[in-house]
Amino acid sequence: MAKRTLLGLLGLQVVLALVLTLVDSRRRRGRKPKPFPTTPPAEVTIGDGTVTTYTFGQDLYDDMLAAIDGARHRVLFESYIWKGDATGELFKKALSRAAGRGVEVYAVYDGFANLVVSPLFKRFGPRLKVLEYPVYNAGWRFFDLRRYGRDHRKILVVDDRLGFVGGYNIGSAYATEWRDTHVRITGPGVWDLARTFADFYNLNRRNRHGVAPLLLETASDWEPRIRVHRNVPRLWMFPIRSMYLEAINRASHHVWMTHAYFIPDSDFVEAIKAAAHRGVDVRLLLPAVSNHVVADWLSRGYYGEMLAAGVRIFRFQGAMVHAKTSTIDGRWSTVGTANIDRLSMTGNYEVNVEFVDASMATQMERIYETDLSNCVELTAETWAARGIHKKFTELVLAPLRPLL
């Protein structure tokens, strides 16, 4: 009886998830996102370097392509999604031009995330050193969970002097239709981004015959106010989750978070609720409707207890907000690739940059306030009045939370 009940519940969850996905896909067909407010690129100085924030994809892509075209020695390019559309072609051609003038060009993309990309686009020629992170990487080690993480990072490093990192993948839709956040770093902070790329490349080139390791020179300096945190499932390293928990637990005034997919574990939920209970202004800025409808339903299962604890929830309207950022107490900020879900916190290869700097926090707060102008706040009364069918769907899908 217990076995049949569990199998029946699992079947119901799968069917419900498929139905939600199909209905959402039909609703989206032919529908274009609405325009949304953005904050122009802005530069702040941190130590001997600078950090520039981007909230509109076209601004970011223009500067990334200019950086590649100006490369003289080496380009390190890594993207979870690299679409074979017009924007993807621009990056491919820029990398090819750089390799053609003698620049060392290394590129990494995730095979699973790009299954639908044409094989013709993935022909890069011998001058580019391209690593496709395989769809299946466990080999005969079926039960080795360290080998199932996806490469969810988005990094560009040019000549060890410019580094770009954040939530933007490469594709035409992201240039104008998605609200995301990226940063450009100059100065000593670039070194850690280069090392992050090189460590991943070398770790995953071992089984490829004739692929030489990527060797970097030792950094001469480092910037203590800028720290790069890397999740490396192969080595069972997941510091980004710890970074978030420590910062939230230290908060005394405000915690403002923006996330595309918010499916936290119980410890994360308790940390956020505890901050709200001690009087911290805790705000979550989430998409009203994301590009993954099942993730939306799983996320909504946390809304009730968050609202009851005093957490304020704002839902971004008309377009997908894909940013993964937070700012706390006017001193601490982070921008990166990691969502607040199991896949990012304890599953995928991710990278987040931590900034302990008041000027950077001020800029991140300015961005947050701009985004709030395109949000509708969810109240406890509105949430309690939702339909019984919605409550039922949340209840049935709840057991899937630990998987995502």
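This structure is a prediction, so every number in the text was calculated from the model and none was measured.

## Section: the packing of helix H6 (residues 239-250) against helix H7 (residues 266-277)
Taken N-terminus to C-terminus, the directions of H6 and H7 make an angle of 20°; their axes are 9 Å apart at the nearest point. Relative to H7, H6 is oriented roughly parallel. Classified by chirality, the crossing of H7 by H6 is left-handed. Across the interface between the two elements, Arg241, Tyr244, Leu245, Ile248 and Asn249 from H6 touch Asp267, Phe268, Ala271, Ile272 and Ala275 from H7.

## What to know about the pattern of salt bridges
Per the counting criterion, the structure on display carries 16 salt bridges. Notably, a salt bridge pairs Arg150 with Asp110, separated by 3.2 Å at the nearest N-O pair. Residue Arg150 is located in the loop between strand E5 (129-133) and strand E6 (154-158), and its partner Asp110 is located in strand E4 (residues 104-110); the two are separated by 40 residues in the primary sequence. Note on Arg150: relative accessible area 12%, which makes it buried. The partner of Glu377 in a salt bridge is Arg312, and the shortest N-O contact between them spans 2.9 Å. Residue Glu377 is located in strand E18 (residues 375-378), and its partner Arg312 is located in strand E13 (residues 312-316); the two are separated by 65 residues in the primary sequence.

## Details of the UniProt feature "domain: PLD phosphodiesterase" (unreviewed entry) in the protein chain
Under the UniProt annotation, "domain: PLD phosphodiesterase" (unreviewed entry) lies at residues 147-174 and 317-344. For residues 317-344, the end-to-end C-alpha separation is 24 Å, with 11% helix and 43% strand making up the annotated structure.

## Quick look at the packing of helix H2 (residues 57-69) against helix H3 (residues 86-100)
The contact between H2 and H3 brings their axes to 9 Å, and the two run at 15°. The angle between H2 and H3 places the two elements in the roughly parallel class. As for how H2 packs across H3, the hand of that crossing is left-handed. Across the interface between the two elements, Tyr61, Met64, Leu65, Ile68 and Asp69 from H2 touch Thr87, Leu90, Phe91, Ala94, Leu95, Arg97 and Ala98 from H3. Its residues placed into classes, the contact of H2 with H3 shows nine nonpolar, one polar and two charged.

## Examining the sheet that holds strand E17 (residues 350-356)
Sheet architecture is open: eight strands sit in the order E10-E17-E16-E15-E11-E12-E13-E18, paired in mixed fashion. Both edges of this open sheet fall to strand E10 (226-231) and E18, since each of them pairs with a single strand only. Neighbour to neighbour, the strand axes of the sheet diverge by 15° on average, direction disregarded. Relative to E17, E10 runs antiparallel, the two sharing six bridges.

## Thoughts on helix H5 (residues 190-204)
Taking 1.5 Å per residue, 15 residues should reach 21 Å; H5 reaches 22 Å between its end C-alpha atoms and fits that length. In terms of burial, H5 is a largely internal element, eleven of the 15 residues being buried. Buried within H5 we find Val190, Leu193, Ala194, Thr196, Phe197, Ala198, Phe200, Tyr201, Asn202, Leu203 and Asn204.

## Here's the deal with the side chain of Asn231
Topologically, Asn231 is positioned in strand E10. Here the side chain of Asn231 touches Ser344 through a polar contact of 2.7 Å, landing on its backbone oxygen. The residues touching Asn231, leaving out its near neighbours within four places in the chain, are Arg153, Met237, Phe238, Pro239, Ile240, Ser344, Met345, Asn348, Tyr349 and Glu350.

Scoring rules and cut-offs
Residues numbered from 1 in each chain as written. Predicted model: local features only at pLDDT ≥ 70, side-chain atom pairs only at ≥ 80, totals over all residues. Heavy atoms only, no water. Axes fitted to C-alpha atoms, helices over the stretch in contact; angles between N-to-C directions. Helix = DSSP H or I, 4+ residues; strand = E, 2+ residues; numbered from the N terminus. Parallel < 35°, antiparallel > 145°, perpendicular 65-115°, else oblique. Left-handed = near helix turned anticlockwise from the far one by under 90°. Contact = heavy atoms within 4.5 Å. Salt bridge = Lys/Arg side-chain N within 4 Å of Asp/Glu carboxyl O. Buried < 20%, exposed > 50% of the residue type's maximum accessible area, 1.4 Å probe, protein only. UniProt positions renumbered as here; feature names shortened; annotations may be inferred. Nonpolar A, V, L, I, M, F, W, Y, C, P; charged D, E, K, R; others polar. Pairing = 2+ DSSP bridges. Expected span 1.5 Å × (residues − 1). Polar contact = N/O pair within 3.5 Å; in protein donor to acceptor, adjacent residues only side chain to side chain.

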